[in-house]
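# Residue-level structure breakdown
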Amino acid sequence: MSIKFWFALFSMVVLFQCANQPEKINLKGNWAYKLDPTNIGVKENWQALKFEDSIQLPSSLRDQGIGNNPTLITEWTGSIYDSTWYFNPAMEKYRKKDSLKFPFWLTPNKHYVGAAWYQKEIIIPENWTNKTISLELERPHWQTQVWIDTMYAGTQNSLSVPHSFTIQKNIKPGKHTLTIRVDNAIRDLDVGINSHSISDHTQGNWNGIIGEIMLFQKKEYNINQVKITPNISAKNIEIKIILNKKATQKLEVDIKINGLNHEHHLNPLSFKFNNDSSELVAEIPMGDNFKTWNEFTPNIYQIETVLKTNEDILDAKKEVFGMREFTIEDKHFKINNIPISLRGTTECSVFPLTGYPPTDEASWERIYKICKSFGLNHVRFHSYCPPEAAFIAADKAGIYLQIEGPSWAKYSVSLGNGKPIDAYLMDETKRIIDTYGNHPSFCMMAYGNEPSGNYVPYLENWVARFKAYDSQRVFTGASTGRSWSIIENSDFIVRSPPRGLEWNDKQPESVFDYRDKTENQDKPYVTFEMGQWCAYPNFDEIKKYTGVLKAKNFELFQEDLKDHHMVDQAHDFLMASGKSQASCYKQEIEATLRTPNLAGFQLLSLNDFSGQGTALVGVLDAFWDEKGYISASEFKSFCNDVVPLARLPKYTFYNDETLISSIEVANFIGKALENTYPKWELFDENNTIVKSGDFENKIIPLGKGNKLGNIQVPLSFVTKASKCTLKIHVGSYTNQWDIWVYPKTTGEIKTNKIYVTKILDIKASQVLKQGGNVLLLAAGTVENGKDVVQYQTPVFWNTSWFKMRPPHTTGILIKDKHPVFNDFPTDYYADLQWWDIANKQQIMNLENFPPHFRPIIQPVDTWFLNRRLGMLFEANVNSGKLMVCSININKNDGNSPVANQLYRSIITYMQSDKFMPKEKISLDIISELFEKKERTVWNSYVKENP
């Protein structure tokens, strides 16, 4: 054979081998590792060692069962404001080594804070000779250093974006050792121990690398960044391509733009770089038929940029973008010039299986789908930035995101005082914008949460810098409560004043709104962390914790409930408290939708928060699953893009009164509503329509306060105590409200067969000994239980974090089928009609009663104490029958229809043959409730406040 033949064959083999050598190498799989708890590895040049132990990456150390078992002296990353657990004798059994159970947050199977070294043998392909090599770590936690063999490649410390390392020196083909040091200890840089980017309160301060771990080969020129700025009115985009260095030869870029979830596409385009320039800026017309992005039609484009010299491809990059403009007009947000109202939740990096945010798109798609099913269109990420999968999924779902820097600079660090965090947050913010800025869902940004220090001038500078740098987002200095200063140059405000329910002193009504609580701001005002109403723990949830975090807090609460002889009532406590929680969310959200100068709200939160003492504030659990007391469709009736609203001056009426209500609609569906044929209906307890009417079928414009008309219904048709339901229908949208109507009666009810008394006096004892009936109206005389404070609203956040700040109860469990309620309509929970007989009423502590004893009306205590409480109970005492009520019900006035009706219902029951208590209780046990003596009270053992 000829020499030409062999040369041709050899050339083909070489070309085949080169063609099949990779452009990138996936480093997922088996790695070696070595822990460095005393931080000596760098000094001792561990990069030159060979590690023996193995680990699978991507993962965290605790995913692999690596680290230390949590102990009493574990140094957690996070504040503990209620240290009662460490000292309370009742908690001693949970402090033992083999049965350690913390109440503060989920407990990791292993705990490790410090440096960990990861090592892997890699093979550099032949065709990477003389090429620049790049290493990308999608989400390490958190500070990294990298070596190739013993050559140092650099360090990075971002908590928000991938760590990317470029090895400029030539690396020969063949075997090499890649060593990565990951350090999750707070050293010179402290972002705040309660920041959700690092805190044990939620994701935990884990060590490891998750997501992609990749090696790339890069040619001389490559694309560092592609920045896209849509201009809807001009029907074009501006594209800015930034290279790694200035062009010294002819470079051009080919561009393809195609719809990802729609059919629109552009013809390919090509642009040339100017010599001695590292940037190319061009305007690209999108045509007349381009698709816009918003919550209703989240149309996404993909842009592919290919960098070339002649026909040689140097680099390629793909980005997504949307044709959207998120703007501000007066006090409201607009998307593509369409008014919107933000209905959001706060995501605090609560991921109870792994303890870190997912890097896969499917996990985020599920979360956003659930948000949408509950009527939400917005998510705030509290003091952390999620991985890119969260942005991609939000792009597709049509969710407006507020991203924050990875800092809650309050507890262990401060802003504006020259600490490393000051420069770090400026750099980190730019990294976040540069990395995720093309995603249309990324609409809003804050530095982080509630800062301390000299933060006002610092954040004013932060806002000014990034407003100038980035026109695609709106900025606010910080998300804060009412005690923080307003950063005046912010585009919008996120603060807490426009939230809460004033039920401590006022009966529930739906006329109020928050218009006087937006602090005269002339910019969009979003309610900060609205809600925070608690429900009792769902102990059925414990079995879901199959990952690295265990619900030892739930186990402790459950065992403590068992020690207090009520574990059989756990599910009933969940349901009764959950109904109260859901009622509060309905009232707050509707008030926000009635407030003309509010731009939206951010719940804290739709799902539970597993830290800070265990804050069970969600109508969903930590896994984003429903708990059973309110469904997505029920929640969506008052939290949606269109919501009918009724301004009711009260919820309880006498039957000689008239139900009067002004009806309006909040419309944020993106267009005016036509042909909705709005109407109202009033239903009785049998779900029968008793009254109805129509409103004018007029066009309903976008915005709040769209008046439909008024309702006036005389209630004289009600002849007995009843619950009615008012429903408003606007097209396919329906909302509803329960009201309670009581007959107006005059004169005192006869109590011939009952001795009614306010104290257990001698006569009461005699009546009971003689087999008579006694009603003890004990309001104002209770001693054992007077320290328990109850409002109509449930516990706020939790009683541990706020050191037993009232209220102390999460709801009321009612034996609604008991015949004592035959003339008093009620459900098994305390709905709004209970305000008059529950709010600030005295509670009895029944801990000294027999273990199986259950009251008729039972407040649900904070799960940190689990006291057996009561407001109404009956018992056989001596030879007689006793009913004890700590509610002030014998008011005998025309202003207390609920209290008067309950009193009448109790008297009627006690004078009937149905008054047959099942339990026998000694008079001494009951008398102890009213004895004045020294009693053990709750002790926090710490003075610090959150």
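Remember, predicted model here, so these are calculated numbers, not experimental data.

### Digging into the overall build of the chain
Summing up its helical and strand segments, the chain has 13 helices and 47 strands in all. In terms of overall dimensions, the chain is globule-like: its C-alpha atoms have a radius of gyration of 33 Å, near the 30 Å expected for 946 residues. In terms of its C-alpha atoms, the chain occupies a principal-axis envelope of roughly 125 × 70 × 60 Å. For the chain, the exposed surface amounts to about 37400 Å²; the carbon and sulfur share of it is 48%. Of the charged side chains in the chain, 104 are positive and 108 negative; the average position of the first set lies 1 Å away from that of the second.

### A few points about the nonpolar core
Grouped together as the largest cluster of nonpolar side chains are 190 residues, with contacts concentrated most on Trp364, Tyr368, Phe635, Met883 and Ile889. Discounting chain neighbours no more than four positions away, the residues touching tyrosine 368 are Val379, Phe381, Ala390, Ala393, Ala394, Ala397, Ile399 and Leu401. Residues Leu27, Ile180, Val182 and Ile209 belong to the second largest nonpolar core, which totals 29 residues.

### Some points on the pattern of salt bridges
Per the counting criterion, the structure on display carries 48 salt bridges. Between glutamate 657 and lysine 650 there is a salt bridge; the shortest N-O distance is 2.6 Å. Accessibility expressed as a relative area gives 24% for glutamate 657, which makes it partly exposed. For lysine 650, a relative accessible area of 19% puts it in the buried group. Linked by salt bridges that have partners in common, Asp513, Arg515, Arg647, Glu664 and Lys707 make up one network.

### Some thoughts on the sheet that holds strand β29 (residues 525-531)
Spatially, β27-β26-β25-β24-β23-β31-β29-β28 is the arrangement adopted by the 8 strands of the open sheet, whose pairing is parallel. Pairing within the sheet leaves two strands with one partner each, and these edge strands are β27 (474-476) and β28 (493-495). The mean inter-strand angle of the sheet, taken between neighbouring strand axes irrespective of direction, is 25°. The sheet contact formed by β29 and strand β31 (residues 600-604) spans 4 bridges and is parallel. Following the sheet pairing, threonine 527 is matched in β31 by phenylalanine 601.

### Here's the deal with helix α4 (residues 388-397)
Along α4, the residues that are buried comprise Ala389, Ala390, Phe391, Ala393, Ala394 and Asp395. Of the surrounding secondary structure, the elements contacted by the buried residues of α4 are β19 (312-321), α3 (361-373), β25 (400-404), α5 (420-436) and β26 (442-446). Just downstream of α4, glycine 398 is the residue with a positive phi angle, here 80°.

### Quick word on the UniProt feature "domain: Glycosyl hydrolases family 2 sugar binding" (unreviewed entry) in the chain
Under the UniProt annotation, "domain: Glycosyl hydrolases family 2 sugar binding" (unreviewed entry) lies at residues 26-218. Helix makes up 2% of residues 26-218 and strand 39%, with an end-to-end C-alpha separation of 15 Å.

### Some remarks on helix α8 (residues 570-594)
Helix length check: α8, at 25 residues, gives a terminal C-alpha distance of 36 Å against a target of 36 Å (1.5 Å per residue), a fit within 8%. In terms of residue burial, α8 counts as a mostly covered element, since 22 of its 25 residues are buried.

### Examining the packing of α5 against helix α6 (residues 455-469)
Contact geometry for α5 and α6: axes closest at 11 Å, N-to-C directions at 25°. With respect to their mutual orientation, α5 and α6 come out roughly parallel. In this structure, α5 meets α6 at a crossing whose hand is right-handed. Packed against α5, whose contacting residues are Ile421, Asp422, Leu425, Met426, Thr429, Lys430, Ile433 and Asp434, the element α6 presents Tyr458, Asn461, Trp462, Arg465, Phe466 and Tyr469 at the interface. In terms of residue class, the contact of α5 with α6 is built from 8 nonpolar, 2 polar and 4 charged.

### A look at the pairing of strand β17 (residues 279-285)
Across a regular strand the side chains alternate sides, sitting on one face of the sheet and then on the other. Burial of β17 is one-sided: the residues Leu280, Ala282 and Ile284 facing one way are buried, the residues Glu279, Val281, Glu283 and Pro285 facing the other way are not. Inspection of the sheet shows strand β14 (residues 236-243) paired to β17 by 7 bridges, in the antiparallel sense. Directly across from glutamate 238, in β17, lies its bridge partner glutamate 283.

### Some words on the packing of α3 against α4
Viewed as axis vectors pointing N to C, α3 and α4 meet at an angle of 45°, and their least axial separation amounts to 8 Å. In this view, α3 runs oblique relative to α4, as classed from their interaxial angle. Here α3 and α4 pass one another in a crossing that is right-handed. Only Ala389, Ala390, Ile392, Ala393, Ala394, Lys396 and Ala397 of α4 make contact with α3, whose side of the interface consists of Glu361, Trp364, Glu365, Tyr368 and Lys372.

### Structural notes on the confidence of the model for the chain
For the chain, the mean per-residue pLDDT works out to 95, and 97% of the residues sit at or above 70. Here residues 1-20 scores under 50 on pLDDT; set against residues more than four positions off or in separate chains, the count is 2 contacts.

### Topic: the sheet that holds strand β35 (residues 679-683)
Sheet strands pair by backbone hydrogen bonding; their relative direction is either parallel or antiparallel. Pairing within the open sheet is mixed, and its 5 strands lie in the order β33-β39-β38-β35-β36. Lying at the two open borders of the sheet, with one neighbouring strand each, are β33 (652-654) and β36 (689-694). Neighbour to neighbour, the strand axes of the sheet diverge by 25° on average, direction disregarded. Here β35 pairs with β36 via 5 bridges, running antiparallel. When the bridges of β36 are listed, tryptophan 680 appears paired with glycine 693. Against the sheet, helix α12 (residues 897-910) makes contact with β33 and β39 (733-742), and its axis sits at roughly 75° relative to β33, the strand it touches most.

### Structural notes on the side chain of serine 160
Summarising the element assignment, serine 160 is placed in the loop between β9 (151-156) and β10 (163-167). Of note is the side chain of serine 160, whose polar atom sits 2.7 Å from the side chain of glutamate 428. What serine 160 contacts, discounting residues up to four positions off in sequence, is Arg139, Cys385, Pro386, Pro406, Glu428, Ile432 and Tyr436.

### Description of the environment of isoleucine 55
Relative to the helices and strands, isoleucine 55 is located in strand β3 (residues 53-57). A relative accessible area of 2% means that isoleucine 55 is categorised as buried. When residues no more than four places from it in sequence are discounted, the contact partners of isoleucine 55 are Gly29, Asn30, Trp31, Tyr33, Ser60, Leu61, Gln64, Ile66 and Tyr118.

What counts, and where the lines are drawn
Residues numbered from 1 in each chain as written. Predicted model: local features only at pLDDT ≥ 70, side-chain atom pairs only at ≥ 80, totals over all residues. Heavy atoms only, no water. Helix = DSSP H or I, 4+ residues; strand = E, 2+ residues; numbered from the N terminus. Rg over C-alpha atoms; globule rule 2.2 N^0.38 Å. Areas by Shrake-Rupley, 256 points an atom, 1.4 Å probe, with all protein chains shown as cover. Lys, Arg positive; Asp, Glu negative; His and termini not counted. Charge placed at Lys NZ, Arg CZ, Asp CG, Glu CD. Core = buried A, V, L, I, M, F, W, Y, C linked by side-chain atoms within 4.5 Å. Buried < 20%, exposed > 50% of the residue type's maximum accessible area, 1.4 Å probe, protein only. Contact = heavy atoms within 4.5 Å. Salt bridge = Lys/Arg side-chain N within 4 Å of Asp/Glu carboxyl O. Pairing = 2+ DSSP bridges. Axes fitted to C-alpha atoms, helices over the stretch in contact; angles between N-to-C directions. UniProt positions renumbered as here; feature names shortened; annotations may be inferred. Expected span 1.5 Å × (residues − 1). Parallel < 35°, antiparallel > 145°, perpendicular 65-115°, else oblique. Left-handed = near helix turned anticlockwise from the far one by under 90°. Nonpolar A, V, L, I, M, F, W, Y, C, P; charged D, E, K, R; others polar. pLDDT = per-residue confidence, 0-100. Polar contact = N/O pair within 3.5 Å; in protein donor to acceptor, adjacent residues only side chain to side chain.

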